[in-house]
Amino acid sequence: ATGKEKWPRGDEETWKAGLRSVDADVNDITKSIVHHIQTSLARQAYNIDNLGAYQATALAAREDLIINWNQTQMTYTRKQPKRAYYLSLEFLMGRTLDNALLNLGLKEKFETGLDKLGFTLEDVLDSERDAALGNGGLGRLAACYVDSGATCEIPLWGYGLRYHYGMFQQLIAPDGSQLEAPDPWLDNSNPWEIPRLDVTADVRFGGHAEKLDKGRGIWSGGQEVLAVAYDCPIPGSDTKSTNNIRFWSARPRRGFDLQSFNAGDYDRAVETSNSAANITNVLYPNDNHYAGKSLRLQQQYFWCAASLSDIMRRFKNTGQPISEFPNHVVIQLNDTHPTLAIPELMRILVDEEEVPWDDAWQIVTRTFAFTNHTVLPEALEKWPVSLFQQLLPRHLQIIYDLNWTFLQSVERKFPGDVDKMARMSLIEEGHGQQIRMANLAVLGSFKVNGVAELHSELVRTTILKDFVDFFGVDKFRNVTNGITPRRWLDQCNPALSNLITETLGSRAWLKDLYLLKGLLEHESDPTFQKKWAAAKANNKERLAKYIKNTLGVTVDSKAMFDIQVKRIHEYKRQSLNILGVIHRYLTIKAMSPEERTKVTPRVVLFAGKAAPGYWMAKLIIRLIVNVGKVINADPDAKGILTVLFLPDYSVSLAELLIPASDISEHISTAGTEASGTSNMKFCLNGGLLLGTVDGANIEIAEEVGEENVFFFGHLTPAVEELRYQHRYHPMPVEKKSPALAAVLEDIMSGRYGDASIWEPFVNTIRQGDYYLISDDFDSYLQAQKMVDEAYTKDPQQWIKKSIQTTAKMGKFSSDRAIMTYAEEIWNIETLKIN
Ligand code: B1H
């Protein structure tokens, strides 16, 4: 017991004593917190709850951020460096307070200050809601990149949308199904945003477009929506450099449609105003999947148009001629979602700035760079031409004109290759034409990159091969993803971070992650090994406590923690994991009590959301939950196998789970996971990796040594051939993998609920098996066996592997990634803020 069970106390005496602290800095902090409670929150000083204390603490910390923010922006304005803009429809920020305090170097002082006022920092930090304006890896990557941009002192701003509702909250029904509830994250107000009600942009939708001479046009009529800016300061670590994400919020242009209002049609007037505000209402919850909704296209244009108008205004303030634009501005497109920025900049230059068409295209194609994040065909964005005609008629004209010139140049380079022309065209013909956003993004960008070596190679040789032939290979690069070690080690794993700092003698490794190599000197030191193991044990106990509090389940924190957390998707193969779990269960059931004592105890943890419309993914969740129920209730498995699905995966839950893993699973079908970034997070925290030869797993193995990872499964080049065989020469599962056949039979026996529930899932494997579960199953079991053996037979060797893994993860800092963008793509320099 800490003696703080009855906190927050917040009684008058504690507070008054707190305000008389001897440390002047701490005194300033307590004063500021109390000041914000009384004036900003308008609440009485005593008997404040943790939420109130959090809000006041955030407002106090925010002042330091804003001072640095102002200093940074002033320096940019004065020195006019080239700036980079990261356009992302998703920023999966998670919580901010802990990160802000750490980056400002004020965490300990705030902890003391809060303590003096009767609060624990831990409870206060826990009162913050996650900002979940993203789906998964792509959105979290954007958050890591702005962190690194500020830390590396790069003039980098993010542009996004201020959704009123973030990623839905996931609930698990009694029958194991996923339920979704809205995430009204702004309900308690957001202390980290600064409304800029004076920073606005008009965005037009609909109306009609007329062509003038020389490629110029006029777009008029339709409906105008107002974009209002909300700024979110992004502090660097141990630097004053503080960058910005500008989030746009939609407001009706005039509040009401005055004509209808005066005509007495109040309902209709309010309706238009509602439809405008709808644009930034909610984040689309699809990961790696294109849904083609009109409102989504409106979100994309609204955000691109507002951001470009803002960027253009800032550029014009420099007084430079428009031809200088690409020397001052570079725009990184986070996937194809912001591709409309390309025709929009063209429209601004040609129609509004009266730049000749060819000169305008020169400017555009020196401004944009494009990151592709997936090769899955179902994720490629293609918008119906009819929808463009209705919402963005002028952009449609521009795209047609660009396509006309482009296809002529393709014809000149590859005369008579009509198939190539058809594949490369910006327009897909068919029942109703569609605009191919990836083709447009490639055409309008000077560099295109994938997010891991294998993925970039697949981009060059498969989905964008024609474009490589046309533009030359130099345009197509790789920038392997990275993660910020501040949040993903220092903040989420204080036990390990402190041990590393103590061992290396400074915190410099947090800004130069290759310094972790210094840990290798100590890998064989038994005292160090013991401390290393103790940190992991501590994190496992912390997670076990959370599981007890939320699910009421006791897990043995001495067991091996085997974790798979990510969006639920067939290509990520949570199915393979749960089928393997059933195999393990059947094996245990077949054992004698004597044999069971020799089994390595395991806790298998799953978490992740399924897109609400992705039926099969939701069925897989249901299977995991129900398999867990049966196993956890079976005395035969007691103490050796526990299986849990933790609901409502989030950044904050990741921060709890990742430091607690002994082994984590990254087991996508080869060639499908572009990179993965949680694989990096687990390994940085000393968890070992069990995975396929896919995405960034490959580069992780290169760095930490293949002897430290557990690889299995077919390789990328085999996938196509296997799929062909499934189609034309199918082999029964019974023949291919008797082990898998037994598992499928067990599922269909009704043990986990009626067979009719699971039949559609089992059929995906028996018929077609697109994700190659049956091909990889035996190899997966083999790898799992090696994991068991390595963990049990030589625990000391396992600790050594864990140390080596962390020590060799230097490459995967997002600082390295962002510096690669700066140097190799953006041609931009760092700028020290004094
Ligand atoms: C990734 C997406 C994605 N790739 C469409 N593609 C979306 C596509 O809302 N949409 O329409 C949302 C997300 N997300 C992920 O990006 C990859 O699957 C990961 O492998 C990769 O690590 C991550 C970051 O590059």
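Conventions we followed
Residues numbered from 1 in each chain as written. Predicted model: local features only at pLDDT ≥ 70, side-chain atom pairs only at ≥ 80, totals over all residues. Helix = DSSP H or I, 4+ residues; strand = E, 2+ residues; numbered from the N terminus. Rg over C-alpha atoms; globule rule 2.2 N^0.38 Å. Buried ≥ 20, exposed ≤ 12 C-beta atoms within 10 Å, placed from the backbone. Contact = placed C-beta atoms within 7 Å. Near = placed C-beta within 6 Å. Nonpolar A, V, L, I, M, F, W, Y, C, P; charged D, E, K, R; others polar. Domains from an automatic or database assignment. Pairing = 2+ DSSP bridges. Axes fitted to C-alpha atoms, helices over the stretch in contact; angles between N-to-C directions. Right-handed = clockwise from strand over helix to strand, strands pointing away. Parallel < 35°, antiparallel > 145°, perpendicular 65-115°, else oblique. Left-handed = near helix turned anticlockwise from the far one by under 90°. UniProt positions renumbered as here; feature names shortened; annotations may be inferred. Core = buried A, V, L, I, M, F, W, Y, C linked by C-beta atoms within 7 Å.

A.B. asks: Hey, could you run me through the overall build of the chain in this one?
C.D. replies: Regarding its fold elements, the chain presents 35 helices and 24 strands. Taken over C-alpha atoms, the radius of gyration comes to 28 Å for the chain, in line with the 28 Å a tight globule of 834 residues would show. Dimensions of the chain, computed from C-alpha atoms along their principal axes, come out at roughly 90 × 80 × 60 Å. Looking at the 834 residues of the chain, the share that counts as buried comes to 49%. Sequence-distant contacts in the chain: of pairs separated by 6 or more residues, those separated by 24 or more amount to 76%.

A.B. asks: How should I be thinking about the site of the ligand in this particular structure?
C.D. replies: Residues in close proximity to the ligand total 21 residues, the closest being G137, L138, H373, T374 and S675. Class assignment of the residues belonging to the shell around the ligand gives a composition of seven nonpolar, eleven polar and three charged. Looking at the shell around the ligand, you find at least three residues from each of domain 2 (81–95 + 130–481 + 819–826) and domain 3 (485–812).

A.B. asks: Help me out: how do you make sense of the sheet that holds strand 20 (residues 602–607) in this one?
C.D. replies: Paired through backbone hydrogen bonds, the strands of a sheet run either parallel or antiparallel to each other. Reading across from one edge, 21-20-19-22-23-24 is the order of the six strands in this open sheet, with parallel pairing throughout. Edge positions in the sheet fall to strand 21 (641–645) and strand 24 (709–712), since each of these pairs with one other strand and no more. Strand-to-strand twist in this sheet, taken as the mean axis angle between neighbours without regard to direction, amounts to 15 degrees. Bridge count between strand 22 (residues 663–666) and strand 23 (residues 688–692): four bridges; the pairing is parallel. Residue I663 lies in a different strand from strand 23, and its bridge partner there is L688. Of the strands in this sheet, strand 19 (560–565), strand 22, strand 23 and strand 24 are in contact with helix 33 (residues 773–793), which crosses strand 24 at around 165 degrees.

A.B. asks: How should the pairing of strand 24 be read in this particular structure?
C.D. replies: Regular strands place their side chains on alternate faces of the sheet. Two strands pair when backbone bridges link them, and strand 23 and strand 24 are joined in this way by four bridges, in the parallel orientation. Looking across to strand 24, one finds that L689 is bridged to V709. Crossover handedness for the path strand 23 to helix 28 (residues 697–704) to strand 24: right-handed.

A.B. asks: Hey, could you run me through the packing of helix 23 (residues 574–589) against helix 25 (residues 615–633) in this one?
C.D. replies: Helix-helix packing is characterised by the crossing angle of the two axes and by the distance between the axes. Between helix 23 and helix 25, the shortest axis-to-axis distance is 10 Å and the interhelical angle comes to 20 degrees. By the angle between their directions, the pair helix 23 and helix 25 is classed as roughly parallel. In this structure, helix 23 crosses over helix 25, and the sense of that crossing is left-handed. Contacts between helix 23 and helix 25 involve Q574, S575, I578, V581, I582 and Y585 from the first element and I620, L623, I624, V627 and I631 from the second. In terms of residue class, the contact of helix 23 with helix 25 is made up of nine nonpolar, two polar and no charged.

A.B. asks: What is the right way to look at the UniProt feature "modified residue: N6-(pyridoxal phosphate)lysine" (unreviewed entry) in the chain in this model?
C.D. replies: Those places that UniProt annotates as "modified residue: N6-(pyridoxal phosphate)lysine" (unreviewed entry) correspond, in this numbering, to K681. Within the element layout of this structure, K681 appears in helix 27 (residues 678–684). For K681, the contacting residues outside a window of four places in its chain are I483, W488 and I658.

A.B. asks: Got a minute to help me understand the sheet that holds strand 14 (residues 382–384) in this structure?
C.D. replies: One open sheet holds the three strands; their spatial order is 14-16-15, and the pairing between them is antiparallel. What marks the edges here is a single partner per strand, and that holds for strand 14 and strand 15 (427–428). In the sheet, strand 14 pairs with strand 16 (residues 434–436) via three bridges, with the strands oriented antiparallel. Residue pairing in the sheet places W383 in a bridge with I435 of strand 16.

A.B. asks: Which parts of the structure should I look at to understand the nonpolar core?
C.D. replies: Soluble globular proteins tend to pack their nonpolar side chains together in the buried interior. Residues F302 and L605 are the most contacted members of the largest nonpolar core, which totals 229 residues. Apart from residues no more than four positions distant in its own chain, L605 is found in contact with F561, I563, L644, L646 and L657.

A.B. asks: Can you help me understand helix 4 (residues 97–104) in this one?
C.D. replies: An α-helix turns once every 3.6 residues. As a result, residues three or four positions apart point the same way. Burial of helix 4 is extensive: eight of the eight residues sit out of reach of the surface. Within helix 4, burial applies to L97, D98, N99, A100, L101, L102, N103 and L104. Contacts from the buried residues of helix 4 go to helix 3 (50–79), helix 5 (107–116), helix 6 (121–126), strand 10 (223–235) and helix 20 (485–491). G105 sits one or two positions beyond helix 4 and adopts a positive phi of about 70 degrees.

A.B. asks: It is not clear to me how unusual backbone geometry should be interpreted in this structure. Could you clarify?
C.D. replies: Leaving glycine aside, a negative phi is the common case for residues, and trans is the common case for peptide bonds. In this model, K214 sits at a positive phi of 50 degrees, which is unusual for a non-glycine residue. For K214, a count of 10 C-beta atoms within 10 Å corresponds to the exposed category. Phi at D648 is positive, roughly 60 degrees, even though this residue is not glycine. Considering the arrangement of structural elements, one finds D648 in the loop between strand 21 and helix 26 (651–657). The class of D648 is buried, set by 21 C-beta atoms lying within 10 Å.

A.B. asks: Is there a simple way to think about the domain arrangement of the chain in this case?
C.D. replies: Accessible area lost upon the coming together of the parts is a frequently used measure of interface size. For the chain, the assigned domains read domain 1 (1–79 + 98–127), domain 2 (81–95 + 130–481 + 819–826) and domain 3 (485–812). Across the contact, 18 residues belong to domain 1 and 17 residues belong to domain 2. Looking at the side of domain 1 that touches domain 2, the elements that each hand over two or more residues are helix 3 and helix 4. When its residues are assigned to classes, the side of domain 1 that touches domain 2 shows nine nonpolar, six polar and three charged.

A.B. asks: Just checking my understanding: could you explain the pairing of strand 6 (residues 178–181) for this structure?
C.D. replies: Summarising the sheet, strand 5 (residues 169–172) and strand 6 pair through four bridges and their orientation is antiparallel. Pairing of I172 across the sheet is with Q178, part of strand 6. Connecting strand 5 to the next strand, strand 6, in antiparallel fashion are five residues, including G176 with a positive phi near 95 degrees.

A.B. asks: Whenever I open this one, the packing of helix 7 (residues 137–151) against helix 35 (residues 814–826) confuses me. Can you help?
C.D. replies: Two elements in contact, helix 7 and helix 35, have axes separated by 9 Å at closest approach and are oriented at 75 degrees. The angle between helix 7 and helix 35 places the two elements in the roughly perpendicular class. Contacts between helix 7 and helix 35 involve C144, Y145, D147, S148, G149 and T151 from the first element and S814, D815 and I818 from the second. Taken together, the residues that form the contact of helix 7 with helix 35 break down as three nonpolar, four polar and two charged.

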